[in-house]
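# A closer look at the structure
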Amino acid sequence: MTIKENMAIQQERDLVYCRNRVKEIAAKIGMGIVNQTKLITATSEIARNMLRYAGGGNVKVEVITRGKLEGLQLVFEDSGPGIPDINKAMQDGFTTGNTLGLGLPGAKRLVNEFAIQSVVGKGTTVKILKWKNG
């Protein structure tokens with residue numbers, strides 16, 4: 001199944017649309033409810049960070065197939081201030097915004113693949129992948 005979509009995240013209601021669309025696509029490829037919930041939670045955390053810290057950005061959603069594996073890959077891109085210390089940002093409890101500091105490390109634990117790149121003053125890209133059966 002080939003699905004590729006782009007979604008702008010500019011305001012709170014865009015987060016709701018993004019979560020709902022990811023759920024629809026995950027269900028369409030036959031992802032179970034537990035894995036859907038993990039993916040939607042990770043999506044919500046990363047998209048919310050993008051809105052809160054970078055003023056918004058873009059999410060690319062794509063169905064990925066590798067051999068017999070099928071899943072959803074999401075790429076979150078923003079042009080915000082960037083993350084000065086990614087290692088620190090990936091530690092549980094680290095926050096710059098008076099939150100619990102579980103967003104990025106929590107999202108990483110919920111998906112099968114997680115990658116983050118950030119350049120201060122240029123923006124951040126987070127790529128996640130959740131396999132249908134994993």
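Anyway, here's the lowdown on the structure attached to this text. (Residues numbered from 1 in each chain as written. Predicted model: local features only at pLDDT ≥ 70, side-chain atom pairs only at ≥ 80, totals over all residues. Heavy atoms only, no water.)

Attention now goes to the overall build of the protein chain. Regarding its fold elements, the protein chain presents 4 helices and 5 strands. Beginning at the N terminus, the succession of helices and strands in the protein chain can be written as β-α-α-β-β-α-α-β-β. Relative to the compact-globule value of 14 Å for 134 residues, the protein chain shows a C-alpha radius of gyration of 14 Å, a close match. Principal axes of the C-alpha set define a box for the protein chain whose edges measure 40 × 25 × 25 Å. Taken over 134 residues, the protein chain has a buried fraction of 46%. Accessible surface, the protein chain: about 7300 Å² in total, of which carbon and sulfur atoms supply 50%. Computing the positive centroid from 19 side-chain charges and the negative centroid from 12, the protein chain places the two 4 Å apart. (Helix = DSSP H or I, 4+ residues; strand = E, 2+ residues; numbered from the N terminus. Rg over C-alpha atoms; globule rule 2.2 N^0.38 Å. Buried < 20%, exposed > 50% of the residue type's maximum accessible area, 1.4 Å probe, protein only. Areas by Shrake-Rupley, 256 points an atom, 1.4 Å probe, with all protein chains shown as cover. Lys, Arg positive; Asp, Glu negative; His and termini not counted. Charge placed at Lys NZ, Arg CZ, Asp CG, Glu CD.)

Its 17 residues place the ends of helix α1 (residues 12-28) 25 Å apart at the C-alpha level, agreeing with the 24 Å of an ideal helix rising 1.5 Å per residue. Those residues of α1 that are buried are in contact with β1 (4-9), α2 (33-54), β2 (57-66) and β3 (69-77). Remark: G30 follows α1 within two positions and exhibits a positive phi of approximately 90 degrees. (Expected span 1.5 Å × (residues − 1). Contact = heavy atoms within 4.5 Å.)

Tallying each qualifying case throughout the model produces 7 salt bridges. Residue R48 pairs with E12 through a salt bridge whose shortest N-O separation is 2.8 Å. Taken together, the residues R48 in helix α2 and E12 in helix α1 connect sequence positions 36 residues apart. On the accessibility criterion, R48 (26% relative accessible area) is partly exposed. (Salt bridge = Lys/Arg side-chain N within 4 Å of Asp/Glu carboxyl O.)

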